[in-house]
Amino acid sequence: MTIGIPRALAYHRYGTLWETFFQELDIPYLVSNETIGSHLTTGRALAVDESCLPLKLYMGHAASLRDCCDVLLVPRLERLGKQDEFCVRFWGLPDTVQATFGGVELLTYERKSASHSAELLAFLQLAKTLGKSPLAAARAYRVAQNRQQEADLRRFLQNRVHLRARAPKILVAAQSYITYDPRLGGAVADLIRNLGAVPIFIEAFDRTACAKAAGQISKDLYWTLNREILGAIHLAAGKVDGIILLTAFPCGSDCLANELVLRRVKTPPITQILLDEHQSGEGLRTRIESFLDMVERRKEAI
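Attention here is on the structure that accompanies the text. By convention here, each chain's residues receive numbers from 1 onward along its written sequence. With pLDDT at 70 or above as the cut-off, local features in this predicted model cover only qualifying residues; side-chain atom pairs require 80 or more to be listed or tallied, and sums for whole chains, interfaces and linings still use all residues. In computing side-chain values, all of the structure's heavy atoms are included and hydrogens and water are not.

1. Regarding the pattern of salt bridges
Here's step 1: Salt bridge, as used here: a side-chain nitrogen of Lys or Arg that lies within 4 Å of a carboxyl oxygen of Asp or Glu. All chains considered together, the criterion is met by 11 salt bridges.
Here's step 2: Here Arg297 ties to Asp293 by a salt bridge, and the two come within 3.1 Å at their closest N and O atoms. A residue pair is termed a helical-turn pair when its members lie 3 or 4 positions apart in one helix, as Arg297 and Asp293 do in helix 13 (residues 281-301) at four residues.
Here's step 3: Classification of Arg297 by relative accessible area gives exposed; the value is 56%.
Here's step 4: What you see here is one network of salt bridges that share partners, running through Arg76, Asp95, Glu110 and Lys112. We count a stretch as a helix when DSSP gives it H or I for four or more residues in a row; a strand needs E for two or more, and each element gets its number in order from the N terminus. The buried label applies to any residue whose accessible area, calculated with a 1.4 Å probe on protein chains only, is under 20% of its type's maximum; exposed applies above 50%, and partly exposed to all values in between.

Quick look at the structure:
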């Protein structure tokens, strides 16, 4: 049996955890290729029009795995605490995939707590479904957790190095499934680099510290991923020269969080870029170029 893992949404946060878990259990798996135009074309045809762009891409990635895998890994991620929730698209993702693809077989687990013990129990149940012993599953989970922490640390250190750059530093404030998708955040980061600036991602700041610092902008926001973004924006003050709020249309949680930032954060300069399926490369370049020009003029004036 081969497990298919769509390279979208939570994969960009937990991909190393999932891959290592299956590797340690000696279970074949296949991750979909990096996003290309056909993923969006297919996903757009499968998803309802009101779906956000990342969900449409997810459907495209899932569709690319249907004929080469026996089962799709589609976790149900609900919360990391009582007041710390994922967006509802993560809550209902298994149901959405099942309704879209009909007879496709899903492999899933639920995340309702931040505790490792609760997550361990979920992975033990996952392994039981796959016919693996609790002892083997517990060992695989420990190895997978360590590898995921190492991967997170590498991202953290890579971004921290960029904070020392002499070129203008731009914080790209976005969800990880936007930041690390080559068709979304990857295109924006490349443009920033080509225009002589340095993109900094929110992974330059510790997640726990970000969650605490988010209260400096909003004490009521309870979406996990948005709280991390708000916290990173607060911690980046004085360390970056500009901030790009990068959002995929039509993300409701991002729109609310971005509005809070635009109203309550006064420095450094901030712009909001909304990505959609009709995004023009030249239009994107023009907006980023204009923003970087403003950042440079502000630096000269100080």
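Having seen it, we continue.
2. So, empty space enclosed by the protein
Here's step 1: A pocket, in this scheme, is an open set of points on a 1 Å grid over the protein atoms alone with protein on both sides within 12 Å along at least 5 of 7 lines, while a cavity is a set where a 1.4 Å probe fits but cannot get out; residues line either one if an atom lies within 4 Å of a point. Grid points are joined across faces, edges and corners, and a volume is the space filled by probe spheres set on the points. A full pass over the atoms with the stated rule returns five cavities of 30 Å³ or more.
Here's step 2: Its volume calculated, the largest cavity comes out at about 60 Å³.
Here's step 3: In this structure, the largest cavity is lined by Pro6, Ala8, Leu9, Ala10, Tyr11, Trp18, Tyr58, Leu73, Pro75, Leu77, Phe90 and Leu93.
Here's step 4: Gly is put with the polar residues, along with every residue not named as nonpolar or charged; the nonpolar set is Ala, Val, Leu, Ile, Met, Phe, Trp, Tyr, Cys and Pro, and the charged set is Asp, Glu, Lys and Arg. Partitioned by chemical class, the residues of the lining of the largest cavity number 12 nonpolar, no polar and no charged.

3. Here we look at the state of the cysteines
Here's step 1: The disulfide definition used here is simple: a pair of cysteine sulfur atoms within 2.5 Å. Taken as a whole and judged by the stated rule, the model has zero disulfides.
Here's step 2: Summary of cysteine pairing: Cys52 is not part of a disulfide, and the nearest cysteine sulfur, belonging to Cys251, is at 6.2 Å.
Here's step 3: Here Cys251 is not disulfide-linked; the sulfur of Cys87 is the nearest cysteine sulfur, at 5.8 Å.

4. Some points on the nonpolar core
Here's step 1: Buried Ala, Val, Leu, Ile, Met, Phe, Trp, Tyr and Cys residues that are joined via side-chain atoms within 4.5 Å together make up what is termed a nonpolar core. Within the largest apolar cluster, 73 residues are counted, with the highest numbers of intra-cluster contacts made by Trp18 and Phe21.
Here's step 2: When residues in this core are grouped by element, the largest group, eight residues, is from helix 3 (residues 53-65).
Here's step 3: Throughout, the edges of the domains are those of an automatic or database domain assignment. For this core, the domains that each give at least three residues are domain 1 (3-152) and domain 2 (164-301).
Here's step 4: Contacts are assigned to residue pairs with any non-hydrogen atoms lying within 4.5 Å of each other. Once residues lying within four places of it in the same chain are set aside, the contact partners of Phe21 are Phe123, Leu126, Ala127, Ala137, Ala140, Tyr141 and Ala144.
Here's step 5: Counting 26 residues, the second largest nonpolar core, distinct from the first, contains Leu163, Ile217, Trp223 and Ala257.

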